[in-house]
Amino acid sequence: MSKLDELIADLCPNGVEYRPLGKCVNKVENIKWNENTDVEFQYIDLTSVDRDTHMITETTTIDYETAPSRAQQIVQVNDVLLGGTRPMLKRYCMIPLRYSGEICSTGFCVLRAKIDVILPGYLYHVISTTSFFDHVEKYQKGASYPAISDSDVKKYSLPVPPIEVQREIVR
């Protein structure tokens, strides 16, 4: 029996609770550009995230004057980004420390784990699953340029085992 199997047997003998993703994440703040007129940021747009490695590969430097209108969301280390425009391209990633405090496009759904409920690594694992993308495909709207709203992303019902089990799954 694996360590994961043992943890599940000990901590989840009656199964695991399912919760909507929206109940497992915190709200993300938008930047107030008029209060940041003399600061430069790295901007993460949809094309910044590599579809194969799920890592940020390239950003641009923006400021108050050069920021595109979609440059609004302030990201933190361990946030999980999911591209909401053409979501089946699977542009998702976890924010590394080097991009903490930077800005991403509103084209991303930013998922910031409530760490007393869900580990960021487990959240990342869940959104990489076939089950999650089945949900995305069901809720995306539009034919030539499909998109999914943040609220529809957050309707996804996911298993939320105890933190110890999540930690072992991530490991």
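Please refer to the structure higher up on the page.
A short tour of the structure in this document, coming up. (Residues numbered from 1 in each chain as written. Predicted model: local features only at pLDDT ≥ 70, side-chain atom pairs only at ≥ 80, totals over all residues. Heavy atoms only, no water.)

1. A look at the overall build of the protein
Here's step 1: Regarding its fold elements, the protein presents five helices and 10 strands.
Here's step 2: Expected size for 171 residues packed as a compact globule is a radius of gyration near 16 Å; at 17 Å, the protein falls within 12% of this value.
Here's step 3: With respect to the principal axes defined by its C-alpha atoms, the protein has extents near 55 × 35 × 25 Å.
Here's step 4: Looking at the 171 residues of the protein, the share that counts as buried comes to 40%.
Here's step 5: Partitioning the intrachain contacts of the protein with sequence separation of at least 6 by distance along the chain shows that 76% fall at a separation of at least 24.
Here's step 6: As presented, the protein carries roughly 9600 Å² of accessible surface, and 47% of it is formed by carbon and sulfur atoms.
Here's step 7: Taken as two groups, the 19 positive and 23 negative side-chain charges of the protein have centres that lie 6 Å from each other. (Helix = DSSP H or I, 4+ residues; strand = E, 2+ residues; numbered from the N terminus. Rg over C-alpha atoms; globule rule 2.2 N^0.38 Å. Buried < 20%, exposed > 50% of the residue type's maximum accessible area, 1.4 Å probe, protein only. Contact = heavy atoms within 4.5 Å. Areas by Shrake-Rupley, 256 points an atom, 1.4 Å probe, with all protein chains shown as cover. Lys, Arg positive; Asp, Glu negative; His and termini not counted. Charge placed at Lys NZ, Arg CZ, Asp CG, Glu CD.)

2. Structural notes on unusual backbone geometry
Note on backbone geometry: most residues besides glycine have negative phi, and most peptide bonds are trans.
Here's step 1: Positive phi values are uncommon outside glycine, yet Asn 78 reaches one of about 75 degrees.
Here's step 2: Phi angles above zero are rare outside glycine, and Arg 86 is one such case at about 50 degrees.
Here's step 3: You can see Arg 86 is positioned in the loop between β6 (80-83) and β7 (92-94).

3. Overview of the pattern of salt bridges
Two side chains carrying opposite charge are able to pair once their charged atoms lie near each other.
Here's step 1: The full count for this structure, using the stated rule, is five salt bridges.
Here's step 2: Residue Lys 155 is joined to Asp 152 by a salt bridge in which the shortest nitrogen-to-oxygen separation is 2.9 Å.
Here's step 3: Given the relative accessible area of 7%, Asp 152 is considered buried.
Here's step 4: Between Glu 168 and Arg 171 there is a salt bridge; the shortest N-O distance is 2.5 Å.
Here's step 5: Judged by its relative accessible area of 69%, Arg 171 is exposed.
Here's step 6: Linked by salt bridges that have partners in common, Lys 141, Asp 152 and Lys 155 make up one network. (Salt bridge = Lys/Arg side-chain N within 4 Å of Asp/Glu carboxyl O.)

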